[in-house]
Amino acid sequence: MSWRRALKDTARSGITVERKRLEPLIAVRGAAGLAIVIALSLWLFGPAAAASSAFGAFQAAIATFQRSWRPRPELAIASGTSLAVSTFLGYLTISKEPLFLALLVVWTFAAGMSWAAGPTIGLIASSNVAIMLVTVTLPTSVAQAAGHAAMMIVGGLVQAALIVLFPVRRWGAHRDALADALAAEADYARRLRHDPVASFDPQPLMEARNAAAVTPRQARRRPAELHGARGIAERIRPVLASLADPAMGVPAEGPARDRVRELLASAATLLDAAAHAIRHGEPVAAPPAALATFRTPDTGSILTGAPYRAMTRLNTLLQDVAETAGGTPQKDTSQEDTPHEGAPPGARGTAHSADNDGRSTPRPAPTDPGARGTAHSTDIDGRSTSGQAPTHPGARGTARPAPTPHPRPTPHPRPTTRTRPTFLALIPKALKAMRSELRRGSPITRHATRVSAVAATGYILGTWLPLGHGYWAPLTSVMVMRPNFSQTYSRAVARLAGTVIGVAVATGVVQAATPGTLQSGTLAVASAALMYLLMRTGQFATQACIAAYVVFLLGMGGEEWTQTVPERVLLTLMGGFLAMLAYAVYPAWETPRLRTRLADWLAAQGPYVAAVFGAYADPSASNAPDVREALLTARTARAAWHAAVARATAEPVRHRGLSRTAADDAEDALAQLGRVAMLLEAHLPERGATPVPPAARFADALRESTHKGAKAIRERRVPTWDAVREALDAWETEDTDKVVRNTATLVLDTLTELSEALDTAVPPMTLDGTAPEKPNGPRNPKDSATR
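Residues numbered from 1 in each chain as written. Predicted model: local features only at pLDDT ≥ 70, side-chain atom pairs only at ≥ 80, totals over all residues. Heavy atoms only, no water.

Q: What is the right way to look at the overall build of the chain in this model?
A: Helix and strand counts for the chain come out as 28 helices and 4 strands. Every one of the 787 residues in the chain was classed for burial, and the buried ones make up 54%. Considering only contacts within the chain whose residues lie at least 6 apart along the sequence, 80% involve residues at least 24 apart. (Helix = DSSP H or I, 4+ residues; strand = E, 2+ residues; numbered from the N terminus. Buried < 20%, exposed > 50% of the residue type's maximum accessible area, 1.4 Å probe, protein only. Contact = heavy atoms within 4.5 Å.)

Shown next, in the form of structure tokens:
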């Protein structure tokens, strides 16, 4: 992408106002806390203290709006307290400019490094540094500075107390996350009626998993409907896919397909009802017609085998969702896990599956040996159910029958609580995360270096220029700078445009009404309330409200608008320009690191696949925890890859050794590797099943080769899979489970596709001017570098 296009896209993103659901009650509560603090400070200390303490309450309320699953009172108290400490230390050094400049550099560097602990902590720390640049100018003595700091803490406490005393949609964010996951599955069920191989975005399920982690105090108070429903929701998606997919045996048209469409429509209706109940804390109003669809007597004669088992499993899961969400439907166990005509002896329900494959773009069922089939997957915590009857044992992407005559039974999962550390326990974890990123080449370290240098430069220039209020320039820089390119540039544009609009409106109001102290405070509270209301609509509206808020608040403190407006606009422009220039001069581009992200994904995916094969090599061992842990690690690496690709897409730099086409092909190969492992994991053998000794050698070779392959990718070489190929060749001489053996062949095929995707060297032309067919693997297996 060229610089011109990148700047155009980021500018458009910065001034865009998004349509979001507004939360007026929360905005009013935050504004009420701000008004209480301002009124109390005016009564006890005067306008200057009121302006300073107002910033504490203002920032504390902003912290509670951040995308965090942590209790809101903790965020408000932490924000107010940290701002108080910053202000007091800043005032102690403000009289000695070199010492204050050193403190500013250290403080901004620490704020930049805090992004390693998460976006919420990073945003609170950056905002505190920016506000500190204003608040240190308000006190006139150490005693006043201590009093202002104490009032900032009070501001955070007031906001926290209001959250506790006047809760608005208690557990609302957690309810929304779980309800969104169920609603996404309802939409997926409707799309499957018309497109049996429709894709599914697992992001709502991932958000629901993040929301499920709670502190011990939260766990004691969490509503009952938020217990266990997530695990059930995660198992529904693959059952929906297995019921709709033609590879299961349901023809594209006919009575069976019509019945499947009816079942999917009823499932969507029930899922929507459960989502609505969880979102609003109401009992599930399950339509009787939707429940009756799963009890139609002739369903057993229309659907047989795997589709029938998928239907019975879906019926059970939907009843579990309704009961967990607070509904009254009674579980109909008459069909649960009942062997039916067409079901193999001992068959129970459907097989388990789990996703870590990245893209969820199913393909049509294969009709010829080796063709890619439909991959059923979902991003989940527990095991989900899926089952297919493959058209060919080696067909790619299709499920396989269980390799043993006694399939693993479907256990009923026990609801478990995912714990989140308390706020005090989070501090050492945050410091550890920051310390791990404190290294050369880290994008977080580069961001911290960049923002500290820009803040110091902006402060020096602002002080040197005869404009007054020189802190506006570093304040703007710290507020807009982020670790990645697109956010930094879009926020800079939004800040400049919003500042001009906000200052113009506030100036017009001041000139027309000439408000006094109380009137200015009231206007400041109104501006803050409007900002809280529009905060989720984008940076443009937020920055406009902040600009007006600051003008009114400083006017309450005794400053005339002519002292703040002109220099604020000019210094805001300078601060935004410095932030954008700094990123261009000292960038942290994601594009050159795509190879590293891809290597990390391979390094995590390999152990997961190896753990699955290890379970077949020794069924008597307890391999489930190893498979589970490896799956979670691979999923984390996959998410990091997708986030890196999204950031790299907006950057104005060319690829360096990994083109977009090569990245897409490599992503498809690794995604297919995850799908193959998922399908094999769906049929893990029970203890006592016949071991498959060659699987152990194959797993060891796979684990070692993927580790070496990841190193080769980082070093711009094409990975080779000689050890995996040798283990597979040795497997052919032994008479073992053919399903596991065929899956191992597919694993090698996907690894070969990965090497082909990374082998971007231009092949030589033949005599007739055409390129020769690419061999099965890299052209130089020993050491083939990409160009």
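Moving on from the model shown.
Q: What's the story with the packing of aromatic side chains in this structure? I'm lost.
A: The geometry of two aromatic rings is summed up by the distance between their centres and the angle between their planes. Evaluation of the coordinates by the stated rule reveals 13 aromatic pairs. Consider the rings of Phe 58 and Tyr 549, whose centres lie 4.2 Å apart with planes at 15°: the pair is stacked. One end of the pair, Phe 58, is in helix α3 (residues 47–64); the other, Tyr 549, is in helix α21 (residues 539–556), and 491 residues separate them in sequence. Both residues of the pair, Phe 58 and Tyr 549, count as buried. With a centroid separation of 4.9 Å and an interplanar angle of 55°, the aromatic rings of Phe 613 and Phe 698 are classed as tilted. Here the residue Phe 613 occupies a position in helix α23 (residues 594–617), and Phe 698 occupies one in helix α26 (residues 693–714), the gap between them amounting to 85 residues. Residue classification places Phe 698 among the buried residues on the basis of a relative accessible area of 0%. (Phe/Tyr/Trp six-rings, centres within 6.5 Å; stacked < 30°, edge-to-face > 60°.)

Q: Help me understand a nonpolar patch on the surface in this model?
A: Judged by side-chain polarity, Leu 496, Val 500, Ile 501, Val 505 and Leu 573 come together as a nonpolar surface patch covering roughly 390 Å² of accessible area. Ranked by the residues each element gives to the nonpolar patch, the list is headed by helix α19 (residues 485–513), at 4 residues. Along the chain, the position of Leu 573 falls in helix α22 (residues 561–585). Leu 573 sits in the partly exposed class, given a relative accessible area of 45%. (Patch = residues over 30% accessible without salt bridge, like charges linked within 9 Å, V, L, I, M, F, W, Y side chains within 5 Å. Areas by Shrake-Rupley, 256 points an atom, 1.4 Å probe, with all protein chains shown as cover. Salt bridge = Lys/Arg side-chain N within 4 Å of Asp/Glu carboxyl O.)

Q: I'm lost on the pattern of salt bridges in this one. Help?
A: Any two side chains of opposite charge can pair if their charged atoms end up close together. Tallied over the entire structure, the rule returns 21 salt bridges. The residue Lys 20 makes a salt bridge to Glu 18 at a minimum N-O spacing of 3.7 Å. For Lys 20, a relative accessible area of 45% puts it in the partly exposed group. Residue Glu 590 pairs with Arg 593 through a salt bridge whose shortest N-O separation is 3.1 Å.

Q: So what exactly am I meant to see when it comes to the nonpolar core here?
A: It is characteristic of soluble globular proteins that their nonpolar side chains tend to be buried jointly. Grouped together as the largest cluster of nonpolar side chains are 72 residues, with contacts concentrated most on Leu 34, Phe 58, Trp 472, Met 531, Tyr 532, Tyr 549 and Leu 553. Here this core gets 11 residues from one element, more than from any other, and that element is α21. Non-local contacts of Met 531, meaning those with residues more than four positions away in its chain, are made with Phe 58, Ile 62, Thr 542, Cys 545 and Ile 546. Listed in part, the 57 residues of the second largest apolar core include Ala 669, Met 678, Val 747 and Leu 748. (Core = buried A, V, L, I, M, F, W, Y, C linked by side-chain atoms within 4.5 Å.)

Q: It is not clear to me how the packing of α3 against helix α6 (residues 119–135) should be interpreted in this structure. Could you clarify?
A: At a minimum axis distance of 11 Å, the contact between α3 and α6 shows a crossing angle of 165°. Between α3 and α6, the angle falls in the class roughly antiparallel. Remark: the crossing between α3 and α6 carries right-handed chirality. Contacts between α3 and α6 pair Ser 52, Phe 55, Gln 59 and Ala 63 from the former with Ile 124, Ser 127, Asn 128, Ile 131, Val 134 and Thr 135 from the latter. Residues of the contact of α3 with α6, tallied by class, amount to 5 nonpolar, 5 polar and no charged. (Axes fitted to C-alpha atoms, helices over the stretch in contact; angles between N-to-C directions. Parallel < 35°, antiparallel > 145°, perpendicular 65-115°, else oblique. Left-handed = near helix turned anticlockwise from the far one by under 90°. Nonpolar A, V, L, I, M, F, W, Y, C, P; charged D, E, K, R; others polar.)

Q: Help me understand the environment of Pro 196 in this model?
A: By the element assignment, Pro 196 lies in the loop between α8 (172–194) and α9 (203–212). In this structure Pro 196 touches Ala 244, Asp 245, Pro 246 and Arg 257, once residues within four positions along its chain are discounted.

Q: I would appreciate a short explanation of the packing of α3 against helix α7 (residues 142–165) in the present structure.
A: Any two packed helices are characterised by how steeply their axes cross, that is the angle between the axes, and by the distance between the axes. α7 packs onto α3 with a crossing angle of 40° between their chain directions and a minimal axis gap of 8 Å. Taken together, α3 and α7 sit at an angle that is classed as oblique. For the pair α3 and α7, the crossing hand works out as right-handed. Touching Ala 48, Ala 49, Ser 52, Ser 53, Gly 56, Ala 57, Ala 60, Ala 61 and Thr 64 of α3 are His 148, Met 151, Met 152, Gly 155, Gly 156, Gln 159 and Ile 163, all from α7. Among the residues forming the contact of α3 with α7, the class breakdown is 8 nonpolar, 8 polar and no charged.

Q: When you look at the environment of Ile 153 in this model, what are you seeing that I'm missing?
A: Its place among the elements puts Ile 153 in helix α7. Placed 68 residues apart in sequence, Ile 153 and Val 85 show a C-alpha to C-alpha distance of 9.2 Å. If we skip the residues at most four places from it in the chain, Ile 153 touches Gly 80, Thr 81 and Ala 84.

Q: Just checking my understanding: could you explain α3 for this structure?
A: Side chains of residues three or four places apart in an α-helix project in the same direction, reflecting 3.6 residues per turn. Taking 1.5 Å as the rise per residue, α3 with 18 residues should run 26 Å; its terminal C-alpha atoms sit 26 Å apart, in good agreement. The element α3 is largely enclosed, with a buried count of 16 among its 18 residues. (Expected span 1.5 Å × (residues − 1).)

So yeah, pure geometry; function would need other evidence.
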